[in-house]
Amino acid sequence: MKTSVQAGLIALAAILLIPSAPDRRSDVTPPLALWITKEAHGPARSAESQAMVRVLEDGAVSELDEADYLTRVILSEMLPGFGLEAMKAQAVAARTFALRQRAAGKHPEADVCTQSSCCQACCSVEDLRERLGDQFRDAWALAYSAVQQTEGEVLTFGGKLIDATYFSCSGGSTEDAAAVWGTDVPYLRAVESPGEQDAAVFASSVCVSAEAFRQTICTVDSAADFSSGPADWIGQAEQTPGGGVAWIRIGGTEMTGVQLRRLFHLNSTKFTLAWDGTQFVFDVRGYGHRVGMSQYGAQAMAELGFDYRAILLYYYRGVTIIRADE
Ligand SMILES: [Zn+2]
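Residues numbered from 1 in each chain as written. Predicted model: local features only at pLDDT ≥ 70, side-chain atom pairs only at ≥ 80, totals over all residues. Heavy atoms only, no water.

Caption draft 1: Local environment of the sheet that holds strand β14 (residues 320–323). Taken together, the three strands give an open sheet; going across it, the order is β5-β4-β14, and neighbouring strands pair in antiparallel fashion. Each of the sheet's edge strands pairs with one partner strand only, and the pair in question is β5 (160–161) and β14. Examined bridge by bridge, strand β4 (residues 153–157) and β5 share two bridges and lie antiparallel to one another. Its bridge partner lying in β5, Thr156 is registered against Leu161. On the sheet, helix α4 (residues 84–104) packs against β4 and β5 and is oriented at approximately 65° with respect to β4. (Pairing = 2+ DSSP bridges. Helix = DSSP H or I, 4+ residues; strand = E, 2+ residues; numbered from the N terminus. Contact = heavy atoms within 4.5 Å. Axes fitted to C-alpha atoms, helices over the stretch in contact; angles between N-to-C directions.)

Dropping the structure here:
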């Protein structure tokens with residue numbers, strides 16, 4: 001076991017408040033139970049047929065077995081090397097996410113699309129085989145097993161499917177949904193997420209010349225004042241509950257962390273910004289929007305012996321795990 005993981009154990013032991021969370025199946029509205037049952041797809045389907053997912057890809061809709069779809073999502077959204085419990089947590093999150101997209105009717109002709117920027121990444125088997133090479137067969141078997149071992153399980157809050165957002169690496173703390181998207185979501189709160197330090201994407205930096213920095217800021221705020229030297233351009237800053245940047249005063253104007261992440265292609269909104277005498281340096285922690293479940297945090301918890309249910313109940317506060325087809 002790695003040293004940082006041992007440190008994570010101590011931190012987790014101190015902060016983990018996992019409720020026993022008995023299943024509250026009565027909270028589930030009847031339509032939810034129907035969404036993934038065989039009956040929901042009509043009498044033409046045989047009793048042995050699996051739940052199906054209509055997937056929009058390159059303008060065409062194909063109908064995939066739910067297990068195949070979720071296996072492809074796991075392998076598309078997670079880098080190689082994650083263990084079974086982390087994959088099981090990912091499987092439940094991805095299933096919940098997909099069913100919520102279907103219910104929302106985002107794509108009238110399909111349940112989900114294959115774009116990570118819209119729904120969830122879902123690479124073709126051919127692409128996964130090419131990307132994973134010799135690891136493909138074992139990775140597919142493990143991810144498929146994760147899907148089957150969590151068959152039908154979804155996350156609910158107040159009897160409704162949750163918005164099961166997830167991301168790669170929190171950089172030490174996840175984020176309040178409100179801090180990133182402006183909308184408060186009771187189960188998407190900032191929580192500490194130790195043990196991620198070994199992730200390749202844990203720390204990164206972006207360096208920008210003074211002129212490029214000024215020009216970039218001016219594309220969104222022409223009123224910013226850069227008349228003094230670069231050392232004076234950066235002013236007061238405020239943090240989010242999850243340790244990200246809420247806003248920084250730049251050239252006398254407030255820029256949000258979300259804006260700066262987009263403008264300078266930062267891995268996350270958890271960063272510091274400083275002028276080092278020759279250039280501006282963004283020192284960034286984590287990768288992704290940092291709202292919901294951290295994949296590397298899930299893996300760190302799994303390495304400490306926590307199962308997928310504990311992982312899910314930690315990152316999605318106050319939710320219930322149910323089998324929606326029972
Ligand atoms: Zn989509």
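What follows continues from the structure just given.
Caption draft 2: Broad picture of the nonpolar core. If you look at the biggest cluster of nonpolar residues, it comprises 63 residues, and the most contacted ones within it are Tyr69, Leu155, Met293, Leu312 and Tyr316. No other element matches the nine residues that α4 contributes to this core. Shared between two domains, this core takes at least three residues from each, and those domains are domain 1 (17–162) and domain 2 (165–291). Those residues in contact with Tyr316, other than ones at most four positions away along the chain, are Ala93, Leu155, Ile162, Ala164, Thr165, Tyr166, Tyr187, Leu188, Gly292 and Met293. Counting residues in hydrophobic clusters, the runner-up holds 20 residues, among them Ala210, Phe213, Ile217 and Ile250. (Core = buried A, V, L, I, M, F, W, Y, C linked by side-chain atoms within 4.5 Å. Buried < 20%, exposed > 50% of the residue type's maximum accessible area, 1.4 Å probe, protein only. Domains from an automatic or database assignment.)

Caption draft 3: Structural view of the packing of α4 against helix α11 (residues 308–315). Running from amino to carboxyl end, α4 crosses α11 at an angle of 55°, the nearest separation of the two axes being 8 Å. Taken together, the axes of α4 and α11 are oblique relative to one another. Relative to α11, the crossing made by α4 is right-handed. For the pair formed by α4 and α11, the contact residues are Glu85, Lys88, Ala89 and Val92 on the first element and Tyr308, Ile311 and Leu312 on the second. When grouped by side-chain class, the residues that make up the contact of α4 with α11 number five nonpolar, no polar and two charged. (Parallel < 35°, antiparallel > 145°, perpendicular 65-115°, else oblique. Left-handed = near helix turned anticlockwise from the far one by under 90°. Nonpolar A, V, L, I, M, F, W, Y, C, P; charged D, E, K, R; others polar.)

Caption draft 4: Broad picture of the side chain of Thr165. Position of Thr165 relative to the elements: it lies in the loop between β5 and β6 (166–167). Only 2.9 Å separates the side chain of Thr165 from the backbone oxygen of Val291, close enough to count as a polar contact. Apart from the residues lying within four places of it in its own chain, the contact partners of Thr165 are Trp181, Leu188, His289, Val291, Gly292, Met293 and Tyr316. (Polar contact = N/O pair within 3.5 Å; in protein donor to acceptor, adjacent residues only side chain to side chain.)

Caption draft 5: Looking closely at the coordination of the zinc ion. Looking at the zinc ion, the protein donor atoms are His107 (NE2), Cys113 (SG), Cys118 (SG) and Cys119 (SG), and they sit 2.1 to 2.4 Å from it. In this structure, the zinc ion is surrounded by four donor atoms whose angles at the metal cover 102 to 118°, and the resulting shape is tetrahedral. All donors of the zinc ion belong to a single chain; written as a sequence motif, their spacing is H-x5-C-x4-C-C. With His107 in the loop between α4 and β3 (112–113) and Cys119 in the loop between β3 and α5 (125–132), this pair connects stretches of sequence that are twelve residues apart. As far as the burial class goes, His107 and Cys119 line up, both buried. (Donors = N, O, S within 2.8 Å, 3.2 Å for Na, K, Ca; no water. Tetrahedral: all angles 85-135°; square planar, octahedral: opposite > 155°, others 65-115°.)

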